[in-house]
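Per-entry structural report
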Amino acid sequence: MRRCARALAAMAVALVGAAGCCTCVDLDYTYRSGAARAPAAAPPLSPLLRVLHVADIGEPNCQQRAISDGMAAAHRRAPFDLAVAPGDNVYNCGPDATLPGAAECRFADDGNTVAAGYAGPADPTFARFEDAFAPLAGVPIHLALGNHDVATAGSCAVPGVEPATAARRKACLEVAHASPLWAMPGRHHLVDRGPARFIVVDTNLLKGDYGGFTFADEEAFVAAAAAGCDARACFLVGHHPAVTAGSHHDDATPEYLARVDRLLAAGQGRIRAWLAGHDHDLQHLRTPGGVDVLVSGNGSRARGAERFREISAPGAELLFASVRWGFGVLEVGDGGWRYRFESDDGAALYCCAASGSGRCEPVACR
């Protein structure tokens, strides 16, 4: 399938190049490991919670519209209870930090929540995210910070403001923003719903401390959150994946991998899966220690030339990867959980299922 032909016909517009996303490239490339090529039958599960997982959706273009339509169709077929959107919510540079009142945004003493009494300026850039989720009105949408949300390099610089201060201000503005389509009460926060706990973290700190924030704070937060994982299935939600076979594999410096290990160790072996974005594709991987990593970052910026030839960490495993436009659907029940990658046109691309605290093994999609 030539994705651009279908998208152009549907929208009757001529979008080309990076800004338009509908260049004529084959967006069907998919990799499957041996187990994923011959998946087992799916075990029974009575879902108590249905969760949409999609990241990197913050650029208005034809791909975002197709994903938005696909999410809406999936919601009509079987309603989502909530959504997680781990980062790059507002391309290219995050919220507008030059608006009147933006400079007054301050974090509280915890360095995580916004100081009481602050209300951010009306900023139309948030519509780049919220318009995509408008068909899901009524579904709680929980966000994490991505690297573009706090970007300060090049054209993303804030005139007259030091990069560290500008990054902190942008993080503050995203936490301060609130709407029916945006919930980010802190740089890191917990979402408890039914049988699941979502531990939402600021993974920008995997690449190094920034803006006066420290990785040690994220580590301590995960350690405290893990105490509640005896009663719930816990999922870590953050923009950057623990491991990847996408183009961001070069993020994985020794320091990055060491911080990943520390964050997972803080989870005390109770993290069922790491839900991420950052790479603009769909992937299911496992860390060297066996933690499932699910990348759903093909919300608005596809990388059709990606061929997943290099995994970022020695000993990590790639089970599935695709450049198809799509998103992830997580379902959690009392006895386990399952995950499905679905294309924007409703096709099942890949499924896995986990019993109890076991790994998510490839299964035939229902």
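In case you missed it, the structure is sitting above this.
A few points on the structure.

Rules and cut-offs
All chains use their own residue numbering, which begins from 1 and follows the written sequence. For this predicted model, a pLDDT threshold of at least 70 governs which residues receive local features, and a threshold of 80 or more governs which side-chain atom pairs are given and counted, while totals over whole chains, interfaces and linings are taken from all residues. Computation of side-chain values: all heavy atoms of the structure, hydrogens and water removed. Note on conventions: DSSP H or I runs of at least 4 residues are helices, E runs of at least 2 residues are strands, and numbering of each starts at the N terminus. Here the radius of gyration uses the C-alpha set of atoms, whereas the globule reference equals 2.2 Å times the residue count to the power 0.38. Residue contacts are defined here by distance: any two heavy atoms, one from each residue, within 4.5 Å place the two residues in contact. Where accessible areas are quoted, they stem from the Shrake-Rupley method and a 1.4 Å probe; at the residue level, only the protein chains shown are allowed to cover. Positive charges come from Lys and Arg, negative ones from Asp and Glu, while His and the chain ends are left out of the count. All charge positions are set by atom: Lys at NZ, Arg at CZ, Asp at CG, Glu at CD. Defined by distance alone, a disulfide is two cysteine sulfur atoms within 2.5 Å. Only protein chains enter the area calculation, which uses a 1.4 Å probe; residues under 20% of their type maximum are buried, those over 50% are exposed, and those in between are partly exposed. At least two bridges found by DSSP between two strands are what make those strands a pair. To define axes, lines are fitted to C-alpha atoms, for helices over the stretch in contact only, and angles between the resulting N-to-C directions are given on a 0 to 180 degree scale. A cavity, in this analysis, means grid points on a 1 Å lattice covering only the protein atoms where a 1.4 Å probe fits yet has no way out; a pocket is instead an open set bounded by protein on both sides within 12 Å along at least five of seven lines, and a residue lines either one if it has an atom within 4 Å of a point. Grid points are joined across faces, edges and corners, and a volume is the space filled by probe spheres set on the points. Residue polarity follows a fixed list, in which Ala, Val, Leu, Ile, Met, Phe, Trp, Tyr, Cys and Pro are nonpolar, Asp, Glu, Lys and Arg are charged, and the others, Gly among them, are polar. Take the buried Ala, Val, Leu, Ile, Met, Phe, Trp, Tyr and Cys residues and link them wherever side-chain atoms come within 4.5 Å; each set so joined is a nonpolar core. Angles below 35 degrees are treated as roughly parallel, those above 145 as roughly antiparallel, those between 65 and 115 as roughly perpendicular, and all remaining angles as oblique. One fewer than the residue count of a helix, multiplied by 1.5 Å, yields its expected span. Polar contact is defined as a pair of N or O atoms within 3.5 Å, subject to the rule that within protein one atom must be able to donate a hydrogen and the other to accept it, and that residues adjacent in sequence are counted only when both atoms are side-chain atoms. Criterion for a salt bridge: a side-chain nitrogen of Lys or Arg within 4 Å of a carboxyl oxygen of Asp or Glu.

Right, let's talk about the overall build of the chain for a bit. A tally of regular secondary structure across the chain gives eight helices and 15 strands. Taking 2.2 N^0.38 as the reference for a compact globule, 366 residues should give roughly 21 Å; the C-alpha atoms of the chain span a radius of gyration of 19 Å, in line with that estimate. Taken along its principal axes, the extent of the C-alpha atoms in the chain is 55 × 50 × 40 Å. Here the analysis covers contacts within the chain between residues at least 6 apart in sequence; of these, 73% occur between residues at least 24 apart. Of the roughly 13700 Å² of accessible surface on the chain, 54% is carried by carbon and sulfur atoms. A distance of 6 Å separates the average location of the 33 positive side-chain charges in the chain from that of its 40 negative side-chain charges.

Quick look at the state of the cysteines now. In total, this model carries five disulfides according to the counting rule given. Note that Cys-105 is cross-linked by a disulfide to Cys-172, the S-S spacing being 2.0 Å. Measuring handedness by torsion sign, the sulfur bridge of Cys-105 and Cys-172 sits at about -85° and is left-handed. In this pair, Cys-105 is assigned in the loop between β3 (82-86) and α5 (127-133) and Cys-172 in helix α6 (residues 163-176), connecting sequence segments 67 residues apart. The class of Cys-105 is buried, set by a relative accessible area of 7%. What pairs with Cys-351 in a disulfide is Cys-365, and their sulfur atoms sit 2.1 Å apart. Its torsion about the S-S bond being 115°, the disulfide of Cys-351 and Cys-365 is classed as right-handed. Of this pair, Cys-351 sits in strand β14 (residues 348-355) while Cys-365 sits in the segment after β15 (361-363), placing them 14 residues apart in sequence.

Next up on the list: the sheet that holds strand β4 (residues 141-144). Here seven strands make up an open sheet; going across it, the order is β4-β3-β2-β12-β13-β14-β15 and the pairing mixed. Looking along the sheet, the strands with just one partner apiece sit at the ends: β4 and β15. This sheet shows a mean twist of 25° between the axes of neighbouring strands, independent of strand direction. In this structure, strand β2 (residues 49-53) lies alongside β3, joined through three bridges in parallel fashion.

Moving on to the sheet that holds strand β7 (residues 233-237). Spatially, eight strands are ordered β1-β11-β9-β10-β8-β7-β6-β5 in an open sheet, and the strand pairing comes out mixed. Looking at the sheet topology across the chains shown, the edges are occupied by β1 (30-32) and β5 (189-193). The mean inter-strand angle of the sheet, taken between neighbouring strand axes irrespective of direction, is 20°. Two strands pair when backbone bridges link them, and β5 and strand β6 (residues 196-200) are joined in this way by five bridges, in the antiparallel orientation.

All right, on to empty space enclosed by the protein then. Unoccupied space between atoms shows up once a probe the size of one water molecule is rolled over them. For the structure on display, the rule yields one cavity of 30 Å³ or more. Within this model, the largest cavity holds a volume of roughly 30 Å³. Around the largest cavity, the lining residues are Val-201, Asp-202, Thr-203, Leu-205, Leu-206, Phe-215, Glu-218 and Leu-263. For the lining of the largest cavity, the per-class residue count stands at five nonpolar, one polar and two charged.

What follows deals with the nonpolar core. If you look at the biggest cluster of nonpolar residues, it comprises 78 residues, and the most contacted ones within it are Leu-52, Met-71, Phe-133, Ile-199 and Trp-274. The contact partners of Met-71, leaving out residues within four places of it in the chain, are Leu-52, Val-54, Ile-57, Phe-80, Ala-132, Phe-133, Leu-136 and Phe-327. If you look at the next biggest cluster of nonpolar residues, it comprises 29 residues, including Ala-36, Leu-82, Val-191 and Phe-341.

In contact at an axis separation of 7 Å, helix α7 (residues 215-225) and helix α8 (residues 254-266) are set at 25° when each is read in the N-to-C sense. When the axis of α7 is compared with that of α8, the two are roughly parallel. Contacts from Phe-215, Glu-218, Glu-219, Val-222 and Ala-223 of α7 reach α8 at Arg-259, Arg-262, Leu-263 and Ala-266. Split into classes, the residues belonging to the contact of α7 with α8 amount to five nonpolar, no polar and four charged.

This part covers helix α4 (residues 62-77). Compared with the 22 Å implied by 1.5 Å per residue over 16 residues, the 23 Å span of α4 between its first and last C-alpha is a close match. Among the residues making up α4, those that are buried are Cys-62, Gln-63, Gln-64, Ala-66, Ile-67, Ser-68, Gly-70, Met-71, Ala-72, Ala-74 and His-75. Between the side-chain oxygen of the N-cap and the backbone nitrogen of Gln-63 there are 3.1 Å, and the N-cap of α4 in question is Asn-61.

Our next topic: α6. In this model, α6 (14 residues) spans 20 Å end to end at C-alpha, consistent with the 20 Å of a helix rising 1.5 Å per residue. Those residues of α6 that sit buried are Ala-166, Ala-167, Arg-169, Lys-170, Ala-171, Cys-172, Leu-173, Glu-174 and Val-175.

This next bit is on the environment of Phe-129. Position of Phe-129 relative to the elements: it lies in helix α5. For Phe-129 and Ala-85, which are 44 residues apart along the polypeptide, the C-alpha to C-alpha distance reads 9.8 Å. The contact partners of Phe-129, leaving out residues within four places of it in the chain, are Ile-57, Ala-85, Asn-89, Ile-141, Leu-143, Leu-181 and Trp-182.

Turning to the pattern of salt bridges, a few remarks are in order. Scanning the entire structure with this criterion turns up 20 salt bridges. With a closest N to O distance of 2.7 Å, Arg-197 and Asp-192 form a salt bridge. In this structure, the salt-bridge partner of Asp-279 is Arg-303, at a minimum N-O distance of 3.5 Å. One end of the pair, Asp-279, is in the loop between β8 (271-276) and β9 (282-286); the other, Arg-303, is in the loop between β10 (292-296) and β11 (317-322), with 24 residues separating them in the sequence. For Asp-279, a relative accessible area of 0% gives the class buried. Note on Arg-303: relative accessible area 25%, which makes it partly exposed. Because the salt bridges share partners, they merge into one network encompassing Arg-286, Asp-292, Glu-317 and Glu-361.

Geometric values such as these leave the question of function open.
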